Amino acid sequence: MPSLLENLAQYVIDGNAQKAKETTDEALAQNVPVADIINKGLVAGMQVVGQKFKCNEFYIPEVLIAARAMKQSMEKLRPLIAESGIQPIARVAIGTVRGDLHDIGKNLVGMMLEGAGFEVIDLGTDVSPEKFVEAVREHKAEAIGLSALLTTTMPAMKETIAALEEAGLRDKVAVLVGGAPLTQAYADEIGADGYAPDAASAVDTAKQLLRITA
Ligand code: B1M
């Protein structure tokens, strides 16, 4: 018979937010440690979602529904996280670059990163290079994620990297880029540290860049 946390993981995979929330409550009532609820339930579920998305078994709607189930359960746990001393695996500030208002892909990437145990600071859309720099300083982010969907806004990525250099922060932060018009070649050309073609790969690339093995 599946355990309570295996059920929770499955409800995330199924995108059943109601059942995921109820199971989270049940686990809390049974004094299951918050870290286990997150890692063996929510994150385990999202890992499967990421794998299914990568091999085209899941499409964007399924991923969004699963991420919503994870987020709603996470809301219940958030107040308890500080007390339980759980540390995020790393902090990532993410945003869509200056001039660009597309945020569906960026949100998906943010949710997958959160699902993998990252703390995600979402700066929103139309984020200026200065705002990225400010976020790295303020939140001590170990990585930033830049998203662009327009060929006309892709150069803002290079400007953001230049702003980090100017602020003396370039060697303190890993820069991950993505978005439909991007390629690995473009990422290399502008001096980004990593490129990911989709949200699931973004998690793998962020982990690689930050040398996170878990
Ligand atoms: Co716009 N739009 N749009 N649009 N729009 C595109 C991108 C376009 C390709 C449509 C077309 O002409 N065929 C075209 C761009 C052409 C180009 O530059 N080559 C375009 C245009 C021209 C425009 C406007 C200029 C239109 C106008 O006003 N004349 C305008 C620009 C506004 C602005 O940004 N300043 C505009 C506006 C809009 C809407 C507001 C209507 C809406 C955005 C709503 C929103 O995001 N809240 C919109 C939409 C929805 C699209 C399309 C239809 C869908 C984009 C999307 O969300 N895809 C798009 C056409 C298309 O792609 N079929 C189009 C789903 C999403 C999950 O995929 O964002 O690629 P994507 O994210 C993927 C990966 O790319 C990757 O992971 C994600 C998940 O796997 N990824 C990352 C993304 N960011 C990442 C970051 C990472 C790593 C991976 O690391 C940090």
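Procedures and definitions
- Residues numbered from 1 in each chain as written.
- Predicted model: local features only at pLDDT ≥ 70, side-chain atom pairs only at ≥ 80, totals over all residues.
- Heavy atoms only, no water.
- Donors = N, O, S within 2.8 Å, 3.2 Å for Na, K, Ca; no water.
- Helix = DSSP H or I, 4+ residues; strand = E, 2+ residues; numbered from the N terminus.
- Buried < 20%, exposed > 50% of the residue type's maximum accessible area, 1.4 Å probe, protein only.
- Arc of directions from axis to C-beta.
- Contact = heavy atoms within 4.5 Å.
- Core = buried A, V, L, I, M, F, W, Y, C linked by side-chain atoms within 4.5 Å.
- Domains from an automatic or database assignment.
- Buried area = accessible area lost by both parts, 1.4 Å probe.

Enquirer: Whenever I open this one, the coordination of the cobalt atom of the ligand confuses me. Can you help?
Expert: In a perfect tetrahedron of four donors around a metal, the angles come out at 109.5 degrees. In a perfect octahedron of six, they are 90 or 180 degrees. Its sole protein donor being His102 (NE2), the cobalt atom of the ligand sits 2.2 Å from that atom. Summarising the element assignment, histidine 102 is placed in the loop between strand 1 (91–96) and helix 5 (104–115).

Enquirer: How do you make sense of helix 6 (residues 129–139) when you look at a structure like this?
Expert: Residues that lie three or four places apart on an α-helix share one face, since the helix turns once every 3.6 residues. Every buried residue belonging to helix 6 is among Pro129, Phe132, Val133, Ala135 and Val136, and all of these are buried. Projected onto a plane normal to the axis of helix 6, the buried residues spread over an arc of 160 degrees and lie on a single side. Looking at the buried residues of helix 6, the elements they touch are strand 1, strand 3 (143–147) and helix 7 (155–166). Backbone geometry just after helix 6 places lysine 140 at a positive phi near 50 degrees.

Enquirer: Please clarify how the nonpolar core should be interpreted in this entry.
Expert: Nonpolar side chains tend toward joint burial in soluble globular proteins. Of all hydrophobic cores here, the largest spans 47 residues; its most connected members are Met46, Leu113 and Phe118. When contributions to this core are tallied by element, the ones reaching two or more residues are helix 1 (4–14), helix 2 (17–29), helix 3 (34–54), helix 4 (60–84), strand 1, helix 5, strand 4 (174–178) and helix 9 (199–209). Residue assignment places this core across two domains, with domain 1 (4–84) and domain 2 (91–209) each supplying three or more. If we skip the residues at most four places from it in the chain, phenylalanine 118 touches Pro88, Ile89, Ala90, Val92, Leu113, Ala206, Lys207, Leu210 and Ile212. Ranked by size, the runner-up nonpolar core spans 29 residues in total, among them Ala93, Ile121, Leu182 and Ala192.

Enquirer: Would you mind showing me how to read the domain arrangement of the protein chain here?
Expert: Reports of interface size often rely on the accessible area that becomes lost once the parts have come together. As far as domains go, the protein chain holds domain 1 (4–84) and domain 2 (91–209). Each of domain 1 and domain 2 has a C-alpha centre, and these two points are 25 Å apart. Contacts between the two partners involve 12 residues from domain 1, matched on the other side by 12 residues from domain 2. When the area that domain 1 buries against domain 2 is broken down by residue, the three leading residues are Phe53, Lys54 and Leu64, summing to 35%.

Enquirer: Can you help me understand unusual backbone geometry in this one?
Expert: Among all residues save glycine, negative phi is the norm, and among peptide bonds the norm is trans. A positive phi is found at asparagine 31, a non-glycine position, where the angle reads about 60 degrees. Structurally, asparagine 31 is set in the loop between helix 2 and helix 3. In the Ramachandran plot, aspartate 126 falls in the positive-phi region, its phi being about 50 degrees despite a non-glycine side chain. Secondary-structure assignment places aspartate 126 in the loop between strand 2 (119–122) and helix 6. For aspartate 126, a relative accessible area of 41% corresponds to the partly exposed category.

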